[in-house]
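# Tertiary structure, described
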Amino acid sequence: MEIKAEGKSVLNFCANNYLGFADNKRIIEASRKIMETHGYGMASVRFICGTQDIHKQLEKSISQFHKTDDAILYSSCFDANGGVFEGLLSKDDAVISDELNHASIIDGIRLCKARRHRYKHMDMADLENLLKGSMDCTNRLIVTDGVFSMDGDIAPLSKIVDLANKYEAMIFVDESHATGFIGKTGRGTPEYFGVEKEIDIINSTLGKALGGATGGYSTGHQEMIDILRQRSRPYLFSNSVAPPIAAAAIEVFELLKDPSHITKLRNNTIRFRTGMTKAGFKVLGHPECPIVPIWFGDARLASEIADELMTHNIYVIGFSYPVVPKGQARIRVQLSASHGPEQIDRAIKAFTEVAKAKGALH
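Residues numbered from 1 in each chain as written. Predicted model: local features only at pLDDT ≥ 70, side-chain atom pairs only at ≥ 80, totals over all residues. Heavy atoms only, no water.

## A short note on the overall build of the protein chain
What counts is decided by this rule: Going along the chain from the N terminus, every DSSP run of H or I of four or more residues is numbered as a helix, and every run of E of two or more is numbered as a strand. The globule rule is 2.2 Å times the number of residues to the power 0.38, and the radius of gyration it is compared with is taken over C-alpha atoms. Relative accessibility thresholds used throughout: buried, under 20% of the residue-type maximum; exposed, over 50%; partly exposed, between the two (1.4 Å probe, protein chains only). Residue contacts are counted whenever heavy atoms from the two residues lie within 4.5 Å of one another. What sets the accessible areas is the Shrake-Rupley method with a 1.4 Å probe; for residues, cover comes only from the shown protein chains. Positive charges come from Lys and Arg, negative ones from Asp and Glu, while His and the chain ends are left out of the count. Lys charges are placed at NZ, Arg charges at CZ, Asp charges at CG and Glu charges at CD.
Per the secondary structure count, the protein chain includes 13 helices and 15 strands. Here the C-alpha radius of gyration of the protein chain, 21 Å, is about what a compact globule of 362 residues would show, namely 21 Å. Once the C-alpha set of the protein chain is aligned to its principal axes, its extents read approximately 60 × 55 × 30 Å. Looking at the protein chain as a whole, 57% of its 362 residues qualify as buried. Long-range pairs, those at least 24 residues apart, make up 70% of the contacts in the protein chain between residues at least 6 apart in sequence. Counting every atom, the protein chain has about 16,000 Å² of accessible surface; 50% of that belongs to carbon and sulfur. A distance of 3 Å separates the average location of the 43 positive side-chain charges in the protein chain from that of its 44 negative side-chain charges.

## Things to note about the layout of surface pockets
Let me state the cut-off plainly: Lining residues are those with an atom within 4 Å of a point, where the points come from a 1 Å grid over the protein atoms alone and group into cavities, where a 1.4 Å probe fits but cannot get out, or pockets, open sets with protein on both sides within 12 Å along at least five of seven lines. Grid points are joined across faces, edges and corners, and a volume is the space filled by probe spheres set on the points. Three residue categories are used. Nonpolar comprises Ala, Val, Leu, Ile, Met, Phe, Trp, Tyr, Cys and Pro, charged comprises Asp, Glu, Lys and Arg, and polar comprises the others, including Gly.
By volume, the largest pocket is sized at about 670 Å³. In this structure, the largest pocket is lined by 36 residues; those nearest its centre are Leu100, Asn101, His102, Ala103 and Ser149. Sorting the residues of the lining of the largest pocket by element identifies helix H3 (77-88), helix H4 (103-111), strand E7 (147-148) and strand E15 (329-334) as the ones contributing at least two each. A class-by-class count of the residues in the lining of the largest pocket yields 14 nonpolar, 14 polar and eight charged. Lining of the second largest pocket is provided by 14 residues; of these, Ser61, Phe65, Phe253, Glu254 and Lys257 occupy positions nearest its centre. Only helix H2 (53-66) and helix H10 (243-255) provide two or more residues apiece to the lining of the second largest pocket. When residues of the lining of the second largest pocket are assigned to their parent elements, the largest contribution, five residues, is made by H2. Of the residues in the lining of the second largest pocket, the class split is six nonpolar, four polar and four charged.

## Quick look at empty space enclosed by the protein
With the rule as written, the count across this model stands at one cavity of 30 Å³ or more. Of all elements in the fold, only strand E3 (70-74) and helix H9 (233-236) reach the threshold of two or more residues within the lining of the largest cavity. Of the residues assigned to the lining of the largest cavity, the class counts are five nonpolar, five polar and one charged.

## Considering the sheet that holds strand E2 (residues 8-12)
Rules: What makes two strands pair is DSSP finding at least two bridges between them.
Strand order in this open sheet of three strands is E1-E2-E13, and the pairing throughout is mixed. One side of each edge strand has no neighbouring strand; the edge strands of this open sheet are strand E1 (2-5) and strand E13 (314-315). As defined by bridge partners, E2 adjoins E13 across two bridges and the pair is classed as parallel. Its bridge partner being in E13, asparagine 12 is matched across the sheet by tyrosine 315.

## A word on the side chain of glutamine 334
Note the cut-off: By the criterion applied in these results, polar contacts are pairs of N or O atoms within 3.5 Å in which, for protein atoms, one can donate a hydrogen and the other can accept it, and in which residues neighboring in sequence qualify only through two side-chain atoms.
Within the element layout of this structure, glutamine 334 appears in strand E15. Overall, glutamine 334 belongs to the buried group, its relative accessible area being 1%. Engagement of the side chain of glutamine 334 in a polar contact is seen with the side chain of asparagine 16, the distance being 2.6 Å. Aside from chain neighbours lying at most four places away, what touches glutamine 334 is Phe13, Cys14, Ala15, Asn16, Tyr18, His177, Pro290, Ile291 and His339.

## Observations concerning unusual backbone geometry
A cis geometry characterises the amide bond from tyrosine 321 onward to proline 322, with omega recorded as 15°. Positioned with a positive phi, methionine 122 is a non-glycine residue whose angle comes to about 55°. Considering the arrangement of structural elements, one finds methionine 122 in the loop between strand E5 (115-119) and helix H5 (124-132).

From the geometry alone we can't say anything about function, so treat these as descriptive.
Shown next as structure tokens:
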């Protein structure tokens, strides 16, 4: 996780490279090798001449990994979120979404004709009230991120499943910041909570833990995937995932059979969260989440500390309004399996020194 930035070598603590697969040699070789047999790009959408054997193989790998019926590929998870709601919901349905869901989910919901509701962040009482108030709709779809990328929170899926069963609702989960590393074998928040069979549709990305390149997908019940192949506009009118990306992603799912990467990431997460808490920082998020927001509140302070950390060769970014609510500025740290213990300790030491110099830590 050591990269070149601003003309010097720095430790990268702000990438979505959770498992360290972005520069994995096996993945790079799989991508390079496939171009000799399948070419560089498809120059077509899937339903015309943009489907190769590797696209079908990748969709099978995805569905087998998530233990679902089928999967459908997109050029990004943003596109997957842009196509799923319009494709599956009608004006007679309702969609009930966590208020802190990703922007792509919000944009996707805006495209559908279903009645729209937002519940307070991870507030099950508010969600239940909205479910009660939408009983007249034909279908109700509860929509949540599995892991919330700005807060490091993990959605309480077991409680959401209980409410969905009680009120006969369906569940959609965006697993972009969970696939590959949350749960015992990296199958995400459904596995973490033991509710894999209870989730109706999952959207996720190939652009974060699963190699960090590009590409996304929806996976779930066969009937839903069949509908999306016929109705999802981003799928129908966007180029196929390029062969090098598809082949690399297939190799990623092979690598996920080895749990050592997940174990390293969990150990790094514990080390950093424990060290920062002991140093006196306000550390947000779930204790097992490798997304670690360090709360500062003031936007200028968070930005200045992030800038000063770069002089200590620690690469992080400060986030403030409108990315997060006003008065809740933070520096988001993202751990990777590629970080070594000594690198994590260097980051904790640098954070402590800089924060004390800025009067943000006593």
